[in-house]
Amino acid sequence: MKIKVLYIIETLGIGGAENLLLNTVKFLNKNDFEPHVLYLFHDDDLAKEFEEMEVSVIGPIFDTYPCVGVNNIVDFFRGINRVRKIVRKVKPDIVHTNLFFANIYGRLGSWFGGVNKVITTLHNIDYSEETNNSFRFILRKSLDFITGRLLVKTFIVGNKAIKENMMSYMGSNNIELVYNGIDVNQIRHRNFDHSMGNIKEELGLKPEENVLLNIGRLHYQKGQHFLIEAMPNIIKNSKTKLLIAGSGPLEQELRLLAKKLGVVDSVIFLGKRKDIDSIIELSDIFVFPSLFEGLAISLLEVMAHAKPVILFDYQGAQEVIVNQNEGLVIPVRDVDALEKGILTLLGSSKMRKKMGENSLQKVDILFNVAKNNKVLEKIYFDVMNTDMYSA
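Rules used throughout
- Residues numbered from 1 in each chain as written.
- Predicted model: local features only at pLDDT ≥ 70, side-chain atom pairs only at ≥ 80, totals over all residues.
- Heavy atoms only, no water.
- Helix = DSSP H or I, 4+ residues; strand = E, 2+ residues; numbered from the N terminus.
- Buried < 20%, exposed > 50% of the residue type's maximum accessible area, 1.4 Å probe, protein only.
- Contact = heavy atoms within 4.5 Å.
- Areas by Shrake-Rupley, 256 points an atom, 1.4 Å probe, with all protein chains shown as cover.
- Lys, Arg positive; Asp, Glu negative; His and termini not counted.
- Charge placed at Lys NZ, Arg CZ, Asp CG, Glu CD.
- Pairing = 2+ DSSP bridges.
- Axes fitted to C-alpha atoms, helices over the stretch in contact; angles between N-to-C directions.
- Core = buried A, V, L, I, M, F, W, Y, C linked by side-chain atoms within 4.5 Å.
- Right-handed = clockwise from strand over helix to strand, strands pointing away.
- Patch = residues over 30% accessible without salt bridge, like charges linked within 9 Å, V, L, I, M, F, W, Y side chains within 5 Å.
- Salt bridge = Lys/Arg side-chain N within 4 Å of Asp/Glu carboxyl O.
- Phe/Tyr/Trp six-rings, centres within 6.5 Å; stacked < 30°, edge-to-face > 60°.
- Lys NZ or Arg CZ within 6 Å of the ring centre and 35° of its normal.
- Parallel < 35°, antiparallel > 145°, perpendicular 65-115°, else oblique.
- Left-handed = near helix turned anticlockwise from the far one by under 90°.
- Nonpolar A, V, L, I, M, F, W, Y, C, P; charged D, E, K, R; others polar.

A. Up close: the overall build of the chain. Check the secondary structure of the chain and you find 16 helices and 13 strands. Each principal axis of the C-alpha atoms in the chain carries an extent, and together these give about 65 × 45 × 35 Å. Counting all 391 residues of the chain, 56% fall into the buried class. Counting only contacts in the chain whose residues sit at least 6 apart along the sequence, the fraction spanning at least 24 positions is 73%. Per element, the accessible surface of the chain, about 17500 Å² overall, is 50% carbon and sulfur. Of the side-chain charges in the chain, 47 are positive and 47 negative, and the distance between the mean point of each set is 3 Å.

Here it is as structure tokens:
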């Protein structure tokens, strides 16, 4: 009898957690497991890829992104009931939740639906970094804490830094490390030459120009403003363009910053792109000035393309990038050091090549989803075979 796993996630849009789920389901042993996917909110760019694997996809079940608060308590319980009905219909053995709203609705909907084997993947260092005294924030974190403590059999984390953060916050030891993974072989065996040429023409990139790349939500966590602040001296000393792929609440603010600093012609905002692998391939350096992170899928994808990385030294950064080995690790918020690091790598193709080779080697060893799924599958078997996990 196959173990039926219902994955619950906020959206199936283009994003790190969504791509991780796609690769997890792709490499799940279908002889032992039967995956189903429920997404809560509109944004279904990846839905077709799940369906092409003959995976049952359900959603969206909400018209808009809800807010957890007293003003819409009726909608909150209505959402829990919708998830409960789907859980009762699918009859999963395990419910596996990803991201905040999916965690809350998934845990409570599963409990009311009669499923007590719930696993949650934690994607970020939320609790030591994201602090806010607003009532809504406190309510959200309280709901997360209470439902996590009472209803989750096992937490899965993508790196050691998240594990340490959660052990401190949750005060429990039912936390398992499964490194985030990507499909390294798919990237390695693709030919990007044609699409790269089209993108260079679309963006007006000249052959003599260096290309810096950043991928991520346009959000204060991702630190894109530090990178833009470094651009005036970078373009003064080199022929360089910066590509920023992603969308988010700070887009207008970042565009205004680029204009204010006089680098608007050298900073290209790409929005969300489905051809991100080709964009990575044409870049020279991936710059990742995040203030805090879990284990970003975009970082692993860049490493699989054998690209050197420059990133801030946030908690857990050197689990992935060792300074001077796969790239350069820069003190957090240090724009001068960031600028210096970028110019150093731009000035040495030999260094870039060696760091890129080291990146590819590391991602294949530690962050290959085909290998890491074996660890995840063992956790599923363990959850099915015992009720001894502490809540």
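There is more to say after this.
B. Spotlight on the sheet that holds strand S8 (residues 210-215). A sheet is described by the order of its strands in space; here six strands give the open sequence S10-S9-S8-S11-S12-S13, paired in parallel fashion. Two strands bound the open sheet, and with one partner strand each, they are strand S10 (267-271) and strand S13 (327-330). Taking the axes of each pair of neighbouring strands and ignoring which way they run, one obtains an average angle of 20 degrees across the sheet. Sheet analysis places strand S12 (residues 309-312) next to S13, joined by four bridges and oriented parallel. Each residue of the ladder has a partner; that of Leu 311, found in S13, is Val 329. Contacting S8, strand S9 (240-245), S10, strand S11 (285-288) and S12, helix H9 (residues 224-237) crosses the sheet at an angle of about 165 degrees to S9. Its contacts with the sheet put helix H12 (residues 297-304) on S8, S11 and S12, and the angle it makes with S11 is roughly 165 degrees.

C. Just the nonpolar core, in detail. Leu 243, Leu 299, Leu 300 and Leu 311 are the most contacted members of the largest nonpolar core, which totals 40 residues. Take this core: its biggest share by element is six residues, from H12. Residues in contact with Leu 243, not counting those within four places in the same chain, are Leu 203, Leu 205, Val 211, Leu 212, Leu 213, Asn 214, Ile 268, Leu 270, Ile 279 and Leu 282. Counting residues in each nonpolar core, the second largest holds 34 residues, with Phe 100, Leu 108, Leu 151 and Val 152 among its members.

D. Examining the pairing of S10 more closely. Within S10, four of the five residues are buried, leaving the element largely enclosed by the surrounding structure. Pairing of S9 with S10, which is carried by four bridges, proceeds in the parallel orientation. By the bridge assignment for S10, Ala 245 is matched with Gly 271. The parallel pair S9 and S10 is bridged by helix H10 (residues 251-260), and the resulting crossover is right-handed.

E. Up close: the side chain of His 36. For His 36, the location among the structural elements is in strand S2 (residues 33-39). Once you skip the residues sitting within four places of it in the chain, His 36 turns out to touch Lys 4, Val 5, Leu 6, Tyr 7, Val 55, Ser 56 and Val 90.

F. How the structure looks around the sheet that holds strand S4 (residues 94-98). Pairing is parallel across the open sheet formed by seven strands, whose spatial order is S3-S2-S1-S4-S5-S6-S7. With partners counted over all chains shown, the strands left at the sheet margins are strand S3 (56-58) and strand S7 (175-177), one partner each. When the angles between neighbouring strand axes are averaged without regard to direction, this sheet yields 25 degrees. Bridging between strand S5 (residues 118-122) and strand S6 (residues 154-157) involves four bridges; their strand directions are parallel. Opposite Leu 122, over in S6, you have Val 157 as the bridge partner. The strands that helix H16 (residues 369-385) touches are strand S1 (3-9), S2, S4, S5, S6 and S7; relative to S4, the one it contacts most, it runs at about 130 degrees.

G. Inspection of a negative patch on the surface at higher detail. Residues Asp 44, Glu 49, Glu 51 and Glu 52 make up a contiguous surface patch of negative charge. Mapped onto the elements of the fold, Asp 44 is located in the loop between S2 and helix H2 (47-52).

H. Up close: the packing of aromatic side chains. The tally for this structure, following the rule as stated, stands at 14 aromatic pairs. A cation over a ring is seen here: Arg 140 above Phe 100, with NZ or CZ 4.2 Å from the ring centre.

I. Spatial organisation of the pattern of salt bridges. In this structure the tally under the stated criterion is 15 salt bridges. Glu 357 serves as the salt-bridge partner of Lys 353, at 2.6 Å between the closest nitrogen and oxygen. Taken together, the residues Lys 353 and Glu 357, both in helix H15 (residues 349-366) and four residues apart, mark about one turn of the helix. The class for Lys 353 is exposed, based on a relative accessible area of 56%. Overall, the relative accessible area of 39% leaves Glu 357 in the partly exposed class. A salt bridge links Lys 378 to Asp 382; the shortest N-O distance between them is 3.0 Å. Of this pair, Lys 378 and Asp 382 both sit in helix H16, four residues apart, which is roughly one turn of the helix. Linked by salt bridges that have partners in common, Glu 202, Arg 273 and Asp 275 make up one network.

J. Up close: the side chain of Asn 23. Position of Asn 23 among the secondary structure elements: in helix H1 (residues 16-27). Those residues within four positions of Asn 23 in sequence are excluded, and the remaining contacts are Gly 181, Ile 182, Asp 183 and Val 369.

K. The arrangement of the packing of H9 against H10 in detail. Orientation of H9 relative to H10, taken along the N-to-C sense of each, is 15 degrees, at an axis distance of 9 Å. When the axes of H9 and H10 are compared, the pair comes out roughly parallel. Along this stretch, H9 crosses H10, giving a crossing that reads as right-handed. Residues Gln 224, His 225, Ile 228 and Glu 229 of H9 form the contact with H10, whose own contacting residues are Leu 254, Leu 257 and Ala 258. Taken together, the residues of the contact of H9 with H10 break down into four nonpolar, two polar and one charged.

So far we have only geometry, and geometry alone does not tell us how the molecule works.
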